[in-house]
Amino acid sequence: MKDIIILGIESSCDDTSAAVIKNGYLLSNVTAGQAVHEAYGGVVPELASRAHQQNIVPVVDQALRQAGVDKEAISAVAVTLGPGLMGSLLVGVSFAKGLAAALGVPLIEANHLQGHILAHFIEVEGEAHAAPPYPYLCLMVSGGNSQIVKVNAYNQMEMLGQTIDDAAGEAMDKCSKVMGFGYPGGPIIDKLARQGNAQAFTFSKPDVKGLDYSFSGLKTSFLYFLRDQIKTDPDFIAHHKEDLAASLEKTIVDILMKKLKQAVKETGINHVALAGGVSANTALRAAFKAQEAAGNWHIYIPKFGYTTDNAAMIAITGYYKYMDGDFCDLDKPAYSRTTL
């Protein structure tokens, strides 16, 4: 039987990534980041697309080399068509289309959000692995998305709730920026919070109906709190940065977990997975583990390498679609916004 080899390409934001999966097992996952955005406190789309142009060829070449795979052996090319920054997406999509056409192999469309959710199915030969059984619930939480998804199959997902304004990761990044901590804020807040008192301060927890989220009110509450405290102590942030980080982190985790617990209760599904960039957060992982320790949930938490944007999740999505013969026309355009 001929080997099925999928090359995955991801370029939806500021990470250029390529991965190779052979017969369902990951052989390589190479990612090039872009430090240029740190000086601007966020991703600058024009700079991101230029960096992707510089990175795409060496990243794909390195992924193939690490996998020990010749490009002629590729069965199909899977690529993130969206959602994401249009300029960034176009670099990866254009490269993938050109390569697929040149090799005469199928092109496979991957939805970036679907990829994050399917990261739990990435397998490495020789490593123990437990994938969630269908159906399961997934909290997909990142800088751009905060969603509770019911996953019935790899290609059948139902949105139960999502943010009506800002995402959890975005709230963390912006609050970090307000305090002068830098970008990306998530890892900085996480590190400081480990040394702080999460009960020190209380911030707004927006009450939204159903299973939807809202984080804009939390940002406003946090900003006004700092403004009032700085009036009496200009160095308030410097004096309380660890406690501020811990209290902010706790508030965000509490908001996320409250709705997720509600989703488990309403659906009766207790197999619960975590996905997306914010799934690397220490407090959020601890909250998941506490539910498992209490015997409430069976939890699935991805490796740190699969939490941020990566091509391994795109390649595994491509592998499942290849098995189903679900290919994409070469003229299908990239898209900046979409839902699952």
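The shown structure was predicted, so the numbers you read here are calculated from the model rather than taken from an experiment.

## Details of the environment of Lys177
- Mapped onto the elements of the fold, Lys177 is located in helix H4 (residues 168-178).
- When the C-alpha positions of Lys177 and Leu26 are compared, they lie 36 Å apart, and in sequence the two are 151 residues distant.

## Considering the pattern of salt bridges
- With the rule as written, the count across this model stands at twelve salt bridges.
- The salt bridge involving Glu109 is made with Lys332; its shortest N-O contact spans 2.5 Å. Of this pair, Glu109 sits in strand E5 (residues 107-111) while Lys332 sits in the segment after helix H9 (312-323), and the two are 223 residues apart along the sequence.
- Judged by its relative accessible area of 34%, Lys332 is partly exposed.

## Re the UniProt feature "binding site: Fe cation" (unreviewed entry) in the protein chain
- UniProt annotation of "binding site: Fe cation" (unreviewed entry) refers to His112, His116 and Asp309 when read in the numbering used here. Across 198 residues in sequence, these annotated residues keep their C-alpha atoms within 8.5 Å of one another, forming a single compact spot.
- Looking at where His112 falls in the secondary structure, it is placed in helix H3 (residues 112-118).
- Judged by relative accessible area, which is 2%, His116 ranks as buried.
- With near-sequence residues (within four places) excluded, His116 lies in contact with Met140, Ala275, Gly276, Thr307, Thr308, Asp309 and Met313.

## Looking at the pairing of strand E7 (residues 146-153)
- Burial runs high along E7: six of the eight residues are buried.
- The sheet contact formed by strand E6 (residues 136-141) and E7 spans six bridges and is antiparallel. Considered in E7, the bridge of Met140 is made with Gln147.
- Here E6 folds back onto E7, and the loop between the two strands holds four residues.

Quick notes on the rules
- Residues numbered from 1 in each chain as written.
- Predicted model: local features only at pLDDT ≥ 70, side-chain atom pairs only at ≥ 80, totals over all residues.
- Heavy atoms only, no water.
- Helix = DSSP H or I, 4+ residues; strand = E, 2+ residues; numbered from the N terminus.
- Salt bridge = Lys/Arg side-chain N within 4 Å of Asp/Glu carboxyl O.
- Buried < 20%, exposed > 50% of the residue type's maximum accessible area, 1.4 Å probe, protein only.
- UniProt positions renumbered as here; feature names shortened; annotations may be inferred.
- Contact = heavy atoms within 4.5 Å.
- Pairing = 2+ DSSP bridges.

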